Amino acid sequence: MGLILLPLFAAWFVGAGYSVIMLYSLFTGDKPALYAIAVGVCGLLLALVYARYGLSAFRHKDEVWAFEIPMFFLLNKYAIAVFALAAGVYFLGWNLPAFTHTSAICFLLAFSMSVGSLMGSFYSNSFLQKHDISVTY
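Residues numbered from 1 in each chain as written. Predicted model: local features only at pLDDT ≥ 70, side-chain atom pairs only at ≥ 80, totals over all residues. Heavy atoms only, no water.

**Re the nonpolar core**
Counting residues in hydrophobic clusters, the biggest one holds 36 residues, and the most contacted among them are Trp12, Ile69 and Phe107. Contributing elements (two or more residues each) for this core: α1 (2–28), α2 (33–56), α3 (68–74), α4 (77–92), α5 (102–122) and α6 (124–130). For this core, the element with the most residues is α5, which contributes nine residues. Every residue in contact with Phe107, bar those within four places of it in the chain, is listed here: Ser19, Met22, Leu23, Val39, Gly40, Gly43 and Ser112. (Core = buried A, V, L, I, M, F, W, Y, C linked by side-chain atoms within 4.5 Å. Buried < 20%, exposed > 50% of the residue type's maximum accessible area, 1.4 Å probe, protein only. Helix = DSSP H or I, 4+ residues; strand = E, 2+ residues; numbered from the N terminus. Contact = heavy atoms within 4.5 Å.)

**Quick look at the layout of surface pockets**
In this structure, the largest pocket spans a volume of roughly 200 Å³. The wall of the largest pocket is formed by 13 residues, among which Ala66, Phe67, Pro70, Ser124 and Asn125 lie closest to the centre. Breaking the lining of the largest pocket down by element, the ones donating at least two residues are α1 and α6. At four residues, α6 tops the list of elements feeding residues into the lining of the largest pocket. Of the residues belonging to the lining of the largest pocket, the class tally is nine nonpolar, four polar and no charged. (1 Å grid on protein atoms, 1.4 Å probe; cavity = no way out; pocket = protein on both sides within 12 Å on 5 of 7 lines; lining within 4 Å. Points joined across faces, edges and corners; volume = space filled by probe spheres on them. Nonpolar A, V, L, I, M, F, W, Y, C, P; charged D, E, K, R; others polar.)

**Observations concerning the side chain of Asn76**
By secondary structure assignment, the location of Asn76 is in the loop between α3 and α4. Here Tyr78 takes part through its backbone nitrogen, which lies 3.1 Å from a polar atom of the side chain of Asn76. Apart from the residues within four sequence positions on either side, Asn76 is in contact with Tyr50 and Met71. (Polar contact = N/O pair within 3.5 Å; in protein donor to acceptor, adjacent residues only side chain to side chain.)

**Some points on the packing of α1 against α5**
Two elements in contact, α1 and α5, have axes separated by 9 Å at closest approach and are oriented at 145°. Of the two possible hands of crossing, α1 and α5 adopt the one that is left-handed. Residue classes in the contact of α1 with α5 are distributed as 17 nonpolar, six polar and no charged. (Axes fitted to C-alpha atoms, helices over the stretch in contact; angles between N-to-C directions. Left-handed = near helix turned anticlockwise from the far one by under 90°.)

Listed below in structure tokens is the structure:
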């Protein structure tokens, strides 16, 4: 199963790295540093909420397939679409003149999806043990 999961983990790690580059551009832009720090903290909180919300779907199950939770996070079509849209808007520079916070929103969406997917996948074993959910192979 590592042949399937490893490329997915690598893709989300690259996405997380790209979103960190987005955050760096907020620090080097014309906004104050406090703005970039606040956006970074909000991104981290959104990632935690996304991971917690995704794991809550499995809370009431008695048993799950061995890689069901990591596959849920790594192959979530909505997370992939949101990340791709945010990265595309940022990469192409479609900043709206009337809305100056486009790059911050792109960072929030990309960071929360990529880091939230990684956190949910890595925390899945601890989650299964904590809620006493059995794993089938």
